Amino acid sequence: MKIAVVGATGMVGQVMLKVLEERNFPVTELIPVASEKSVGKKISFKGNKYSIVSMQTAIDMKPKIALFSAGGNTSLEFAPKFAEVGTTVIDNSSAFRMMEDKKLVVPEINASELSKNDKIIANPNCSTIQLVMVLHPLNLKYNLKRVIVSTYQSVTGTGKNAVDQLNAEISGDNTTEKVYPYEIFKNALPQCDVFAEDDYTKEEIKLMTEPKKIMGDDSFNLSATAVRVPVQGGHSESVNIEFENDFDLDEVRKILSETPGVVVMDDVSNKIYPMPLYSEGKDEVFVGRIRRDRSQPNTLNMWIVADNLRKGAATNAVQIAEYLLKNHLV
Ligand code: 2RA
C-alpha cells in the first residue's frame, strides 16, 4: 500500500515511521513529505532509502493513506487536496478535530464510527487520548459526572526545539532559542499552547472538549489545567473523577486491567506506580495511584501516564490506519 507521511522529519513523523515499521504495516511504497528545504533528502524505512518529496508530488502520487503531523495550517490547506485524489488522511493536528462532519477517533473506543466516506479523520490530542482510554470503560460502568484533570506534560509535546531548549539548559547553555516564555529546566510552566477564552489555554480546551466527542457523551463536566514540565518520556495526568454511581475500587482496577491498551500499575506498598521515564517508547496507557477521594462520595483519584509521541500520536494514528485496512474502508 502506498502511504504518505506528511511531516516525516518532525518528532511525531519520525515516530510514525518507526511504528509503521514495528507493526509491519503493509507499506509497499513510502512517500515522505516535509518542507521544501528538505525535499531530496533521504530517509531510511524498512531497509530502503526514500527521497523526501514536495506536497504536490505526494498528492500526484495518490497514496492510499496519508498520515499528517505537520501543523494545523498545513493540514487545513493540503488534507482536502489529498482527499480529492482519493487518499484517506489521518491528521494529527487540531485542524479538523471538532468539525461536525469529521470523526475524532481512538480505535479502542469509537473506530466503529468510521466509514468509507471518511476521507479526513482526526487523531485526538495526545493528553486527550490517554485520558479517554481510562475514562471510557469507567463511564460505561459508573456514569461520569465530573472530571478534573491536571497534566504534567513532556517537552516532546512541543517539538524538537523544546527538547533542545531543555537539554541546553540542563548543560548550562542558556543561549539557545527559547521556545517557552521561561526556562523549563527546574521549572513548571502552567501554560501549554496559547491562552484562549476564559484564560484557559488551547491545550486545556482540547482536554475539556475532545473527550465528549470521542466518547459520544456530553452529560459530564470536565475541567483541566495543563502544565509543562522538564520531562521527555511522556505526559502524566492527575485525574479526579466523580461518578453518578458508587464504585468498588477492586472492580475499578479489574475493569481497567481488562481494558485493551491500558496497564494498571498500582501497588503503592511496593512503590509501584506509572512514571514517564518508564512509559517512553511504549504504546500502553499506564494507570495507578487509584484511590477513593475521601472528600466527596462516588469520587476517586488516579494517575495516568503515556508516551505522548506514541499512543498519544503516532501509534493511535497507525492503529486507525490498521482498522481502516482490516475493515476494508480503504
Ligand atoms: C503538547 N498536546 O503537548 C500538545 C501538542 N502535542 O504540547
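Residues numbered from 1 in each chain as written. Predicted model: local features only at pLDDT ≥ 70, side-chain atom pairs only at ≥ 80, totals over all residues. Heavy atoms only, no water.

- Where an unreviewed UniProt entry is consulted, the protein appears under the name Aspartate-semialdehyde dehydrogenase, with the organism given as Kaistella yananensis.
- Regarding the protein, the relevant UniProt record gives this comment under Subunit (unreviewed entry): "Homodimer."
- Quoted verbatim from the Catalytic activity (unreviewed entry) field of the UniProt record, the comment on the protein reads "L-aspartate 4-semialdehyde + phosphate + NADP(+) = 4-phospho-L-aspartate + NADPH + H(+)". (UniProt positions renumbered as here; feature names shortened; annotations may be inferred.)

**Notes on the site of the ligand**
Next up, step 1: Surveying the vicinity of the ligand reveals the residues N125, C126, Q153, G157, E203, R228 and H235.
Next up, step 2: Interatomic distance of 3.0 Å between a side-chain N/O atom of Q153 and an oxygen atom of the ligand.
Next up, step 3: At 3.0 Å from a nitrogen atom of the ligand is found a main-chain nitrogen or oxygen belonging to G157.
Next up, step 4: Taking 240 Å² as the accessible area of the ligand by itself, protein coverage stands at 77%.
Next up, step 5: Residues that form the shell around the ligand fall into these classes: one nonpolar, four polar and two charged. (Near = heavy atom within 4 Å. Polar contact = N/O pair within 3.5 Å; in protein donor to acceptor, adjacent residues only side chain to side chain. Areas by Shrake-Rupley, 256 points an atom, 1.4 Å probe, with all protein chains shown as cover. Nonpolar A, V, L, I, M, F, W, Y, C, P; charged D, E, K, R; others polar.)

**Brief notes about a nonpolar patch on the surface**
Next up, step 1: Side chains of M275, L277 and Y278 sit close together on the surface and give an oily, nonpolar patch of about 330 Å² of accessible area.
Next up, step 2: Looking at where M275 falls in the secondary structure, it is placed in the loop between β12 (262–264) and α9 (276–279).
Next up, step 3: For M275, a relative accessible area of 32% corresponds to the partly exposed category. (Patch = residues over 30% accessible without salt bridge, like charges linked within 9 Å, V, L, I, M, F, W, Y side chains within 5 Å. Salt bridge = Lys/Arg side-chain N within 4 Å of Asp/Glu carboxyl O. Helix = DSSP H or I, 4+ residues; strand = E, 2+ residues; numbered from the N terminus. Buried < 20%, exposed > 50% of the residue type's maximum accessible area, 1.4 Å probe, protein only.)

**Observations concerning the nonpolar core**
Next up, step 1: In terms of nonpolar packing, the biggest core is built from 56 residues, with F82, L138, I241, L256 and M302 touching the most fellow members.
Next up, step 2: For this core, the element with the most residues is helix α5 (residues 126–142), which contributes eight residues.
Next up, step 3: Of the residues that make up this core, three or more belong to each of domain 1 (2–124 + 313–326) and domain 2 (127–308).
Next up, step 4: Filtering out sequence-adjacent residues up to four positions away, L256 remains in contact with V134, P137, L138, V262, V264, V287, I290 and M302.
Next up, step 5: In this structure, A8, A34, A111 and A321 belong to the second largest nonpolar core, which totals 34 residues. (Core = buried A, V, L, I, M, F, W, Y, C linked by side-chain atoms within 4.5 Å. Domains from an automatic or database assignment. Contact = heavy atoms within 4.5 Å.)

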